[in-house]
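Read off the chains here:
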Amino acid sequence: MPEVQQKQDLHAYLTTLIKRAAAAYIEREGIAYDAEQLTIDLRFSAQSSFGDYSIPVMPWVKNKLGRPPLQIAEALATYINELHVPELDNVNATKPGFVNFRLNRAGVGRSIIERVLEEGPDFGQSQVGLNQRIIVEHTAINTNKAAHVGHLRNSCLGDTVVRMLRSQGYHVEAENYIDDSGVQVADVVVGMLLLQKGELQLAEGNEQLPDESFDYYCSRIYVAVNRLYEQKESEQGIAAIQLRRQVLHSIEHGDEPEAGPDYPAMAADLSHQIVQAHLKTMGRLNISYDLLTWESAILQAGLWQHTFNFLRKHNLLEKPETGPAAGCWILPFGDGESDGERMSDKILVRSDGTATYTAKDIANQLWKFGITDDPEFNVQFHFVPWGTQHDGRQLWTMRTPKDAFKPEQESDPKRFGHAQRVVNVIDVRQSYPQQVVYESLRRLGYTEQAENSKHLGYEVVTLSAATAASLGIDTSDGRDFYAMSGRKGIEIKADDLISTAEQRMREVRRQDERPEIDEKTASVLAASAIRYFMIRFNLQQIIALDIDEVLRPNGDTGVYLQYSYARSNSILRRLQASGYTIPTRLNGLPEQLEQSEWELLRHIDAYPRRLAEAAEQMSASALATYAYDLAAHISDFYEHTPPIVKEENEQMKAFRALLVQATVQTMNNVLRILGFEPLERI
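Draft legend 1. Structural view of the pairing of strand 11 (residues 394-399). With 5 of 6 residues buried, strand 11 lies mostly within the body of the structure. For strand 7 (residues 291-294) and strand 11, the ladder comprises 2 bridges, and the chain directions are parallel. Opposite Leu-291, over in strand 11, you have Trp-396 as the bridge partner. The antiparallel hairpin formed by strand 10 (residues 382-388) and strand 11 contains 5 residues in its connecting segment, where Gly-392 sits at a positive phi of about 85°.

This is how it looks when you write it as C-alpha cells:
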C-alpha cells in the first residue's frame, strides 16, 4: 500500500480514501458541506460476494449532500478506482447506496505481516497520551481481613485499565488506597482486645492456626466480633459496641493514651501486616502498584481538617440542629431525600466528630489533582520506598512528617499526584458518594477537575448456586446467585480461589493423561483464568462466580487464550525442528489466500485500533473480546489450512510461516496488556 498504510490499519487507510473521494464529489457537485463532517461507517461486508469492506452512504443524504445515495456511491467508487491503488482489486457500488471494497488480499496481507514484525512488542502501542498524567486508584481493600473474590474484580479491572492506558503513552500512576482508620479496622482491634480478656470466642480456636496467615486470622476475628455486636441487648454486646466507638475515635484522631492499650498503634500494626498479605495475594495475579496512599496519613497530616475548613470557608457545609443529621456537618446535596443511604452520604462529619468515607474521599481527590499544593492547605506528604514487587516494580508509600523513622531514600513530594485525570475503580454501590465527591470539587470552583474525575463503577461478584451450595449456604429458594457477606463469613477468599485454580490445572492434565505441568505453569494458567473471568463481563453485569466456569480450558476463557498462544508457538518450533528457515521477508506472494487466513490477517490489522478504543473507553471487556476473537480466528486458520510443515508450495509456506510469526507477536502483545504472562509451552 502507499506509505501511509505502514502507519495505519486498513480501516484508517480506507477511511482516508473515502474522505478524499467524498471531498472531490462535494466540490464537483458544488455542495456546501465539509467532507470531514461526514460519518464514515466502514464495516466488514455483509456478504463476501460484495467485497471485504463496505460503507453505507444513505445517512449522508438527509440535510447533508441531498443527492440519491446510489448516485453518491457510484461516484465515489469511480473516483477511487481511477486512483489505481495497487492494493485495491476493485471498488463498486450496490443498492441502495453502498460502496464496496475488494482488496488484493495477498499484497495487503504482506503489508500487515511486515508492519507487525517490524514493530514487534510495540505493535498496538501509541503516543496519544504523551505528557498526560492519569491516576487510577483500584483495589482499596479495608485492612481488616483477607481479600475475597469480590475484591479481585476491582483489582483485575483496575490493573488492566492501567496497562491499556500505558499502552497509549499516558503516564499512569496506579494507587492503592489503604483504609486503615475505618470502622472495620476498629472491629478487629476490638476483637483482639476482647480475645486478650477472654471475652470473645473464635471458630476453630482463639489462637492463630499453624498454617494460617495473619489476614485469615483477622477474618475469623472480624466475623466473631460482628456476631457479638448483633447481641445488642446483652451486656457483652453493648460493651463491645461502646468499645468500638472509643477505638474508632482514637484511631481517627491519633489519640495517644495516658494509660491502657494504644489503639492507633494496634491499628497501624495490623494494617501493615494485612497490606503485606494483600500485596502478596495480588502479586499472584500479576497485579502491582506505584503508590500506597493511607487514610491515616491523610488524617494525621491534617488534610481532612484543612479540607473541612476550606468547605466551610466557601459556605458549602451546614450543621442541622434537628432531624436525623442533628449535630452533623453535612454537604447539602441530591434530590431532597432525607433518609436512607442518600442522607448518610451527605454527612461529612458525624455528630461524634468522626469523618465519613465521603469526607476523606473529597480530601483525597483534591490531593490527587495537586489542588492541596495551595498554601491555604499547607499540607505536605513524603513518599518513601515500601519494597520491590513481584514484577520488579518499585512500590512507594505515603508518609507524613509526623512519622518517626528517617528513610534512606525519599521521593520528591511532587512525584505523585498532580494528575490531569483521575479514575476511581469502585463498585456501583458507591456511585452516589462518588457523585458527592465530584460535585464538591465543582462547587469549590474546580470544574475542570470535576469533569476529569471518572468513577469506573462495576457490579458486584456473587456466588453461583453450585458454588454457594459447596460452602454450605441454603440454596433451596432456587436463586441463580447468592451475595457474599464478610461479616457473616460467607465468601471465598482470593487466595483460596487462586490455590484451587492452580491445583485444578494440574488435575485436569492428569485426567487427560497428558504430561503434568510444573508449578510455575499452573500458577500462570490459574492467574490468566481468574483475571480473564473478572474482566470479560460488561461492567453493569453481576458476576455469579462459578469455579468450574472460571477454569474451563475452552471457550471464552483465559486458559483458552493461553493454549491458543502456545499452539501458535508450537508451529514455529515444528518448522524449526524440520530444518525450515523462516524468511525475513516475502519475495513472492501466493496467488490467493484462504478465507480463514484473510480473516486472521484482518483481525491482526485491527489490533491497534481496537486497543486504542478500549483504552479510551476504559473497557477491559472490549479488549478481552478482541483477544477471544483473535484466538477464534487462529483456531479457524489451523482447521482450514493444511499443516505448514508439509506445505510444498514455497511461496505459500513462507507466507503462512510469517503469518504465524505475526500472530504470535500480536497475541503476545494483547496477552501482556491483559496482564497475562504468555506461555510458549503448556
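Draft legend 2. Representation of the packing of aromatic side chains. On inspection of all chains with the given rule, the structure shows 14 aromatic pairs. Ring centres of Trp-367 and Phe-383 lie 6.1 Å apart, and the angle between their planes is 40°; on these two criteria the pair is classed as tilted. Of the two residues, Trp-367 sits in helix 13 (residues 357-368) while Phe-383 sits in strand 10, which places them 16 residues apart along the sequence. Here the two residues Trp-367 and Phe-383 agree in accessibility, since each one is buried. Taken together, a centroid distance of 6.2 Å and an interplanar angle of 55° make the contact between Trp-396 and Phe-416 tilted. Pair noted here: Trp-396 is in strand 11 and Phe-416 is in the loop between strand 11 and strand 12 (421-427), with a separation of 20 residues, a long-range link. Here Trp-396 matches Phe-416 in class, with each residue buried. A connected cluster of aromatic rings, assembled from ring pairs, spans Trp-367, Phe-381, Phe-383, Trp-396 and Phe-416. We note Lys-493 situated over the ring of Tyr-216; from NZ or CZ to the ring centre the distance is 5.3 Å. The side chain of Lys-653 reaches across the aromatic face of Tyr-580, ending 4.7 Å from its centre.

Draft legend 3. Summary view of helix 9 (residues 263-283). The first and last C-alpha atoms of helix 9 sit 30 Å apart over 21 residues, in line with the 30 Å expected at 1.5 Å per residue. Tyr-263, Pro-264, Ala-267, Leu-270, Ser-271, Ile-274, Val-275, His-278, Leu-279, Thr-281, Met-282 and Gly-283 are the residues of helix 9 that are buried.

Draft legend 4. Region of interest: helix 3 (residues 69-81). Relative to the 18 Å expected for 13 residues at 1.5 Å per residue, helix 3 spans 18 Å between its end C-alpha atoms, a close match to the ideal helical length. Lining the buried residues of helix 3 we find helix 1 (10-29), helix 2 (61-65), strand 3 (88-94) and strand 4 (98-103).

Calculation rules
Residues numbered from 1 in each chain as written. Predicted model: local features only at pLDDT ≥ 70, side-chain atom pairs only at ≥ 80, totals over all residues. Heavy atoms only, no water. Buried < 20%, exposed > 50% of the residue type's maximum accessible area, 1.4 Å probe, protein only. Helix = DSSP H or I, 4+ residues; strand = E, 2+ residues; numbered from the N terminus. Pairing = 2+ DSSP bridges. Phe/Tyr/Trp six-rings, centres within 6.5 Å; stacked < 30°, edge-to-face > 60°. Lys NZ or Arg CZ within 6 Å of the ring centre and 35° of its normal. Expected span 1.5 Å × (residues − 1). Contact = heavy atoms within 4.5 Å.

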